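# Structural features, examined
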Amino acid sequence: QVQLVESGGGLVQPGGSLRLSCAASGSIFSNYAMGWYRQAPGKQRELVARITNGGSTNYADSVKGRFTISRDNAKNTVYLQMNSLTPEDTAVYYCYADIKPSGGSYFRDYWGQGTQVTVSS
């Protein structure tokens, strides 16, 4: 069984910063990509940032230059440093990981429970 546990969400003023963390645990054979999606009320879930185990990254245009994704492969943990936050960043942020579990034959996506980020004065 593989689990993803997120932390770091909360309320922040416009222009502020937050750092999200997500740790994958359990029977992990291989962990390829990890990343973050977000979903605002009334909107579709969208990719925010993604990073592979080799360090390749990609970002949504709306967060480039403000957000930085990183990971610790040894800890199966991904981080999202969010700076210069705006009210438009308000959403539930979901962590995901593309993992091949021990004893498994293929990779599949696993998801965290979501953490609320609210940007408001």
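The notes below deal with the structure included here. (Residues numbered from 1 in each chain as written. Predicted model: local features only at pLDDT ≥ 70, side-chain atom pairs only at ≥ 80, totals over all residues. Heavy atoms only, no water.)

## Points about unusual backbone geometry
The backbone phi angle of Asn76 is positive, close to 50 degrees, even though this residue is not glycine. Secondary-structure assignment places Asn76 in the loop between strand 7 (67-72) and strand 8 (77-82). We classify Asn76 as buried; its relative accessible area is 17%. Phi at Ser84 takes a positive value of approximately 50 degrees, unusual for a residue other than glycine. By the element assignment, Ser84 lies in the loop between strand 8 and strand 9 (91-101). (Helix = DSSP H or I, 4+ residues; strand = E, 2+ residues; numbered from the N terminus. Buried < 20%, exposed > 50% of the residue type's maximum accessible area, 1.4 Å probe, protein only.)

## Description of the state of the cysteines
Overall, the coordinates contain one disulfide when judged by the stated rule. The residue that forms a disulfide with Cys22 is Cys95, at a sulfur-sulfur distance of 2.0 Å. Looking down the S-S bond of the Cys22 and Cys95 bridge, the torsion is -80 degrees, so its handedness is left-handed. Taken together, the positions of Cys22 in strand 3 (residues 18-26) and Cys95 in strand 9 put the pair 73 residues apart, joining distant regions of the chain. The class of Cys22 is buried, set by a relative accessible area of 0%. (Disulfide = S-S within 2.5 Å.)

## Observations regarding the packing of aromatic side chains
The final tally for this structure, using the stated rule, is three aromatic pairs. Considering the side-chain rings of Tyr37 and Tyr96, the 5.5 Å spacing of their centres and the 75 degrees angle between planes classify their relative orientation as edge-to-face. Note that Tyr37 is positioned in strand 4 (residues 28-39) and Tyr96 in strand 9, a separation of 59 residues in sequence. A residue is classified by how much of its surface remains accessible, and Tyr37, at 23% relative accessible area, is partly exposed. Considering the side-chain rings of Tyr96 and Trp111, the 5.6 Å spacing of their centres and the 35 degrees angle between planes classify their relative orientation as tilted. Residue Tyr96 is found in strand 9, and its partner Trp111 is found in strand 10 (residues 108-111); the two are separated by 15 residues along the sequence. Owing to a relative accessible area of 38%, Trp111 belongs among the partly exposed residues under this scheme. (Phe/Tyr/Trp six-rings, centres within 6.5 Å; stacked < 30°, edge-to-face > 60°.)

These results come straight from atomic positions and should not be treated as a statement about function.
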